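Here's the letter readout for the chains.
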Amino acid sequence: MICDPTTRFPLGAAATAAELEDDPHPLLARLRAAEPVSWLPALGGWLVTSRDLALRVLRDPGAFTVDDPRFSTARVVGPSMLSLDGPVHTRHRDPFARPFRPALTRERFTAFVQDEVDRLVTGLAPAGRAELRGDLAGPLAVAVVAEALGLDGVDAATVRSWYGAFVEAVSVLSAEGPAGAPDDSRERSTALARSERAYALLRAAVEDAIGAGRPGSLLAEAARHEAGLTTAEVVANTAVLMFGGIDTTEGMIVNAARHLLGAPDALRRVLADPGLLPAAIEESLRLEPSASVVDRYATRDTPLGGAAVRAGDLVRVSIAGAGRDPAVFPSPDVFDPLRANAGDHLAFAHGPHFCFGAHLARLEARTALAALLERLPGVRLDPARPSAPRGLVFRRPPRLHVLWDA
């Protein structure tokens, strides 16, 4: 750093990881207004909080890349479409992306998602209460990913345990900063060891799926694709699909349920006009994206929003900050399902790393929330068990308890 960050970026210098994990939005608003690109010692890098600058970073892999040995996901699962740029990124991404185009997504997954939601909600209905993350959003996301990947013989609990281990390891590495730090944390060591065991089991399951070559198997087709991915590369990308397909989708559903059930006026509008539900989901994605931060690394010295970013610097894009930029979204802290431009959020990223599973995630969220509203009369948040979103990277309530008139 050429400048003294405590004087050039005083708000960033004072920020803490705990503040960002608990309720980052007041801090993000202050940073966006005064230091839209700020140096945060707590994160070991720059934090970008305005939407226009976030777009600039996400759209320019030549200047801001994911292809860096410090990238946390690559440190856990190896090189993948998530941690590569340029032609090699295309080589990893293309074999997996085609089945998730809108028309193919609707054709393949609409009935499966509806059946799974019906099964889950039917089981919940008599009780009059549920914890939505564990009882609906999580099981649905796991079932859909298992169906998409074709991991026959692997039950949902096993898939959940694998991705949970990966998410834990990525979260620990993201929170501690650059790679290569002394391994003096028991939490870090435990998380990485658990992730390594899960990865070995996932590799064995992927090898079985490739070897079986069942018709319609995404993994078998990816292995046969002209891109020529190795088995190790297919495994790494399978783990990445778990991140996008399970953790972030689960969080998306839970966050949307919390926003909608916590806003009586908005809920009344959606109940009166179910056609507003997709717009309400987009507004929730803007207000609290389940993937709150994405990382890039500067490939060269680059001026950005008044900051002198240097080659090799970590540049963290706050998707949460971009979604509440008042220059784009008036009254940004208000949940408004009638907001005309809610879909301009960056919850699925942008540029070459835009999430190709966005159509499937939206299908799951629409189907799950529609079932809650239609089949659970008077569904509402449990006032005795409130829960707010938490998390530096992956943000959602740890638990979301609801009641209804059974």
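Everything below is about the structure shown above.
Residues numbered from 1 in each chain as written. Predicted model: local features only at pLDDT ≥ 70, side-chain atom pairs only at ≥ 80, totals over all residues. Heavy atoms only, no water.

A.B. asks: Residue-level account of the sheet that holds strand β3 (residues 64–65), with values.
C.D. replies: Reading across from one edge, β1-β2-β8-β5-β3 is the order of the five strands in this open sheet, with mixed pairing throughout. The open sheet has two free edges, formed respectively by β1 (37–40) and β3, since each of these has just one partner strand. Pairing geometry for strand β2 (residues 45–48) and strand β8 (residues 314–318), over three bridges, is parallel. Opposite Trp 46, over in β8, you have Val 315 as the bridge partner. (Pairing = 2+ DSSP bridges. Helix = DSSP H or I, 4+ residues; strand = E, 2+ residues; numbered from the N terminus.)

A.B. asks: Mind laying out the packing of helix α8 (residues 102–124) against helix α9 (residues 132–149), listing which residues take part and the relevant values?
C.D. replies: Between α8 and α9, the shortest axis-to-axis distance is 10 Å and the interhelical angle comes to 150°. Of the two elements, α8 crosses α9, and the hand of that crossing is right-handed. Between α8 and α9, the contacting residues are Arg 108, Phe 109, Phe 112, Val 113, Glu 116, Val 117, Leu 120, Val 121 and Leu 124 on the first element and Asp 135, Leu 136, Pro 139, Leu 140, Ala 143, Val 144, Glu 147 and Ala 148 on the second. Within the contact of α8 with α9, the residues separate by chemical class into 13 nonpolar, no polar and four charged. (Axes fitted to C-alpha atoms, helices over the stretch in contact; angles between N-to-C directions. Left-handed = near helix turned anticlockwise from the far one by under 90°. Contact = heavy atoms within 4.5 Å. Nonpolar A, V, L, I, M, F, W, Y, C, P; charged D, E, K, R; others polar.)

A.B. asks: Help me get a handle on the packing of helix α13 (residues 231–261) against helix α17 (residues 358–375), residues and values and all.
C.D. replies: Running from N to C, α13 and α17 cross one another at 40°; their axes reach a closest spacing of 10 Å. By the criterion of interaxial angle, the relationship of α13 to α17 is oblique. Both α13 and α17 take part in a crossing whose hand is right-handed. Residues Thr 249, Met 252, Ile 253, Ala 256, Ala 257, Leu 260 and Leu 261 of α13 form the contact with α17, whose own contacting residues are Ala 361, Arg 362, Glu 364, Ala 365, Ala 368, Leu 369 and Leu 373. (Parallel < 35°, antiparallel > 145°, perpendicular 65-115°, else oblique.)

A.B. asks: Describe the nonpolar core, listing the residues and the values that go with them.
C.D. replies: By size, the foremost hydrophobic cluster in this structure holds 102 residues, and its most contacted members are Phe 96, Leu 151, Trp 162, Phe 166, Leu 202 and Met 242. Among the elements that make up this core, the one with the highest residue count is α13 (16 residues). Each residue touching Leu 202, except ones within four places of it in the same chain, is listed here: Leu 151, Trp 162, Phe 166, Val 235, Thr 238, Ala 239 and Met 242. In terms of nonpolar packing, the next biggest core, distinct from the first, is built from 22 residues, Phe 9, Ala 63, Ala 307 and Val 309 among them. (Core = buried A, V, L, I, M, F, W, Y, C linked by side-chain atoms within 4.5 Å. Buried < 20%, exposed > 50% of the residue type's maximum accessible area, 1.4 Å probe, protein only.)

A.B. asks: Summarise the pairing of strand β5 (residues 293–298); cite the residues concerned and give the values.
C.D. replies: Looking down a regular strand, the side chains alternate between one sheet face and the other. Burial analysis of β5 places six of its six residues in the buried class, which makes it a mostly covered element. Side chains of β5 alternate between two faces, with Val 293, Asp 295 and Tyr 297 and Val 294, Arg 296 and Ala 298 buried alike. In terms of strand pairing, β3 meets β5 through two bridges, oriented antiparallel. When the sheet's bridge partners are listed, Thr 65 is paired in β5 with Tyr 297. Relative to β8, β5 runs antiparallel, the two sharing five bridges. Following the sheet pairing, Arg 296 is matched in β8 by Val 315.

A.B. asks: Tell me what's going on with the sheet that holds strand β4 (residues 129–131), and back it up with residues and numbers.
C.D. replies: Here three strands make up an open sheet; going across it, the order is β4-β10-β9 and the pairing antiparallel. Edge strands, defined here as strands with exactly one partner in the open sheet, are β4 and β9 (380–381). Bridging between β4 and strand β10 (residues 401–403) involves three bridges; their strand directions are antiparallel. When the bridges of β10 are listed, Arg 129 appears paired with Leu 403.

A.B. asks: Summarise the pairing of β8; cite the residues concerned and give the values.
C.D. replies: With five of five residues buried, β8 is to be regarded as a mostly interior element. Neither face of β8 is exposed, since Leu 314, Arg 316 and Ser 318 on one face and Val 315 and Val 317 on the opposite face are all buried.

A.B. asks: Let's hear about the packing of aromatic side chains: which residues, and what values?
C.D. replies: How two aromatic rings sit relative to each other is set out by the distance from centre to centre and by the angle between their planes. Per the stated rule, a full pass over the model turns up seven aromatic pairs. Judged by centre distance (6.1 Å) and plane angle (70°), the rings of Phe 166 and Tyr 199 are edge-to-face. With Phe 166 in helix α10 (residues 156–176) and Tyr 199 in helix α11 (residues 186–212), the pair connects residues that are 33 residues apart, well separated along the chain. Accessibility expressed as a relative area gives 18% for Tyr 199, which makes it buried. Of the aromatic side chains, those joined through ring pairs into one cluster are Phe 9, Trp 39 and Trp 46. (Phe/Tyr/Trp six-rings, centres within 6.5 Å; stacked < 30°, edge-to-face > 60°.)

Everything listed is a geometric property; what it means functionally is a separate question.
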